Amino acid sequence: MKIHNKLTDSADVITYVVSQFLPGAEVSGIEQWFAGHINRTYFVDCSDRGGCCVRFVLQYMNGEVFRDLDGLMQNVIRVSEQMARAARKSGGPDVERCYLHFIRTVSGEYAFKSEKLGFWRMYRYIGNAVGKLVAETNAEAYSAGFAFGKFQNMLAGMNGPRLNETIAGFHDTRGRFAALRDAASKDVCGRLDSCRGVYGHLLELEKFATKLQAASENGEIPERTVHNDAKLSNVLLDASDFHPVCVIDLDTCMPGLAGHDFGDLARSICSDSPEDEPDTSRISVRLDMFESIVTGYVSGADGALTREEILTLPDGAVAMTLEVAVRFLTDYLSGDTYFRTKFPEHNLQRAKAQLALGERMIDKMPVMKEIAEAACPQPK
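Residues numbered from 1 in each chain as written. Predicted model: local features only at pLDDT ≥ 70, side-chain atom pairs only at ≥ 80, totals over all residues. Heavy atoms only, no water.

Caption draft 1: Representation of the sheet that holds strand 10 (residues 244-247) in the model. Overall, antiparallel pairing links the 3 strands, which are arranged 7-9-10 in an open sheet. Among the strands making up the open sheet, the edge pair consists of strand 7 (129-130) and strand 10. Pairing of strand 7 with strand 9 (residues 235-238), which is carried by 2 bridges, proceeds in the antiparallel orientation. Of the residues in strand 9, the one forming a bridge with valine 130 is leucine 237. In the packing of helix 3 (residues 138-155) onto the sheet, contacts are made with strand 9 and strand 10, and the angle to strand 10 comes to roughly 50°. (Pairing = 2+ DSSP bridges. Helix = DSSP H or I, 4+ residues; strand = E, 2+ residues; numbered from the N terminus. Contact = heavy atoms within 4.5 Å. Axes fitted to C-alpha atoms, helices over the stretch in contact; angles between N-to-C directions.)

Caption draft 2: Representation of the environment of alanine 215. Within the fold, alanine 215 resides in helix 7 (residues 211-217). For the pair formed by alanine 215 and glutamate 308, sequence separation is 93 residues and the distance between their alpha carbons is 9.2 Å. In this structure alanine 215 touches Glu220 and Ile221, once residues within four positions along its chain are discounted.

Caption draft 3: Region of the structure containing the pattern of salt bridges. Inspection of the entire model under this criterion finds 24 salt bridges. As a salt-bridge pair, lysine 186 and aspartate 182 come within 3.1 Å of each other at their nearest N and O atoms. Residue lysine 186 and its partner aspartate 182 are located together in helix 4 (residues 173-186), separated by 4 residues, close to a single helical turn. Accessibility expressed as a relative area gives 55% for lysine 186, which makes it exposed. Put simply, arginine 196 and aspartate 193 hold a salt bridge, and the shortest N to O gap is 2.8 Å. Judged by its relative accessible area of 62%, aspartate 193 falls in the exposed class. (Salt bridge = Lys/Arg side-chain N within 4 Å of Asp/Glu carboxyl O. Buried < 20%, exposed > 50% of the residue type's maximum accessible area, 1.4 Å probe, protein only.)

Caption draft 4: Broad picture of unusual backbone geometry. Although it is not a glycine, aspartate 302 adopts a positive phi angle of roughly 50°. If you trace the backbone, aspartate 302 turns up in the loop between helix 9 (287-301) and helix 10 (307-311). Even without being glycine, aspartate 336 reaches a positive phi, approximately 60°. Looking at the secondary structure, you find aspartate 336 in the loop between helix 11 (313-334) and helix 12 (346-363).

Caption draft 5: Examining helix 5 (residues 196-204) more closely. Within the sequence span of helix 5, burial applies to Val198, Tyr199 and Leu202. One face of helix 5 carries all of its buried residues, which in axial projection span an arc of 100°. Exposed side chains of helix 5 directed beyond 90 degrees from the buried face belong to Gly197 and Glu204. Looking at the packing, one finds that the buried side of helix 5 touches helix 4, helix 6 (206-209), helix 11 and helix 12. (Arc of directions from axis to C-beta.)

Caption draft 6: Geometry of the environment of glutamine 152. On the secondary structure map, glutamine 152 appears in helix 3. Taking the relative accessible area as the measure of exposure, glutamine 152 reaches 2% and is therefore buried.

Caption draft 7: Seen up close, the packing of helix 9 against helix 13 (residues 365-375). Orientation of helix 9 relative to helix 13, taken along the N-to-C sense of each, is 30°, at an axis distance of 10 Å. Considered as vectors, helix 9 and helix 13 are oriented roughly parallel to each other. For the pair helix 9 and helix 13, the sense of crossing is right-handed. Across the interface between the two elements, Leu287, Phe290, Glu291, Val294 and Val298 of helix 9 pack against Val367, Met368, Ile371, Ala372 and Ala375 of helix 13. Class assignment of the residues belonging to the contact of helix 9 with helix 13 gives a composition of 9 nonpolar, no polar and 1 charged. (Parallel < 35°, antiparallel > 145°, perpendicular 65-115°, else oblique. Left-handed = near helix turned anticlockwise from the far one by under 90°. Nonpolar A, V, L, I, M, F, W, Y, C, P; charged D, E, K, R; others polar.)

Caption draft 8: Seen up close, the nonpolar core. Leu202, Leu250, Phe290 and Leu329 are the most contacted members of the largest nonpolar core, which has 97 residues in total. Ranked by residue count, the leading element in this core is helix 11, at 11 residues. Contact partners of leucine 202, with chain neighbours within four places excluded, come to Phe177, Leu180, Leu322, Ala325, Val326, Leu329 and Leu355. (Core = buried A, V, L, I, M, F, W, Y, C linked by side-chain atoms within 4.5 Å.)

Caption draft 9: Region of the structure containing the sheet that holds strand 2 (residues 26-33). Strand order in the open sheet formed by 6 strands is 1-2-3-4-6-5, and the pairing between neighbours is mixed. If you trace the sheet from one side to the other, it starts and ends with strand 1 (2-3) and strand 5 (112-114), each paired once. Two strands pair when backbone bridges link them, and strand 2 and strand 3 (residues 40-47) are joined in this way by 7 bridges, in the antiparallel orientation. Each residue of the ladder has a partner; that of valine 27, found in strand 3, is cysteine 46. The strands touched by helix 1 (residues 11-21) within the sheet are strand 1, strand 2, strand 3, strand 4 (53-60), strand 5 and strand 6 (118-124), with strand 6 carrying the most contacts at an inclination of about 65°. Docked against the sheet, helix 2 (residues 69-90) engages strand 5 and strand 6, running at close to 10° with respect to strand 6.

Quick look at the structure:
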């Protein structure tokens, strides 16, 4: 067996867990992927009795972050099975690569659960595909938008009850502002004086941050199943021509709004500055990138979105950007209990940067609205 790097779990443990999914398979190689921050992920090469080698992804699921792992897996399997049905119906060269193939255990479950070893799942590795952390070109921004638009299209026909809400109130923007006010009133770390300006400014912008939520509450836009962590790194691109192949990391799929996924994309792609840029004067909105994401998202959705959903995509960008700013500041006031930080003021610096980006988006809102309207399909 070839071990490619130092493993968090022993090769014996990994081999045993694999045997619960693929009895009789020989593990010929193991490599741990360290880019993820929540689950432990391994690439495992297995040889069957015929000598054929197939690569799989094996994951140890973090039960501290995701408290309802059974509910999470119910969501993930429903979403992946719907993606498979949609892929087979539409056909195309990526029909077997554009969804995650989860493997059942010997007992027929989609997860192996052990009091001693924890909660594990396994799915097929998608070959000839790569991931990117940052969109450097308009083409890559378009690909990210197209991938998540297509994801929305693939899920549009999913029947049955709503998915489990595994993280309650995840994109309840109004609730996020309430949590910020509560953290400020308690001020458990004595940090409020150091951020009163940011705190006050965020409260002034709450009406902009909650426009998308208000549109939903007024029945103007529908609830959908959304990814809730939409970013380029969660899209696998074809290694040959970099077209989008598959949306991955489905653990946060829950009921939500199309503007939530689009807003995450816009927040993460439409600025050249990092999320924690210390010099907020350098932060700007790249309207060319924004237009590429809008065009890609609407094209990928291929008619699955209503006109009002498309017109409110810019509101989604503002909502997600300011919501993240609120979450960073809430965590700063609470003692940095959620986000990992590199220095004591890190969450405050992040909050200032995202607040600045949200302000720039509000300033550019008339142009962003024009871009969204231009992307709406014309009546036939």
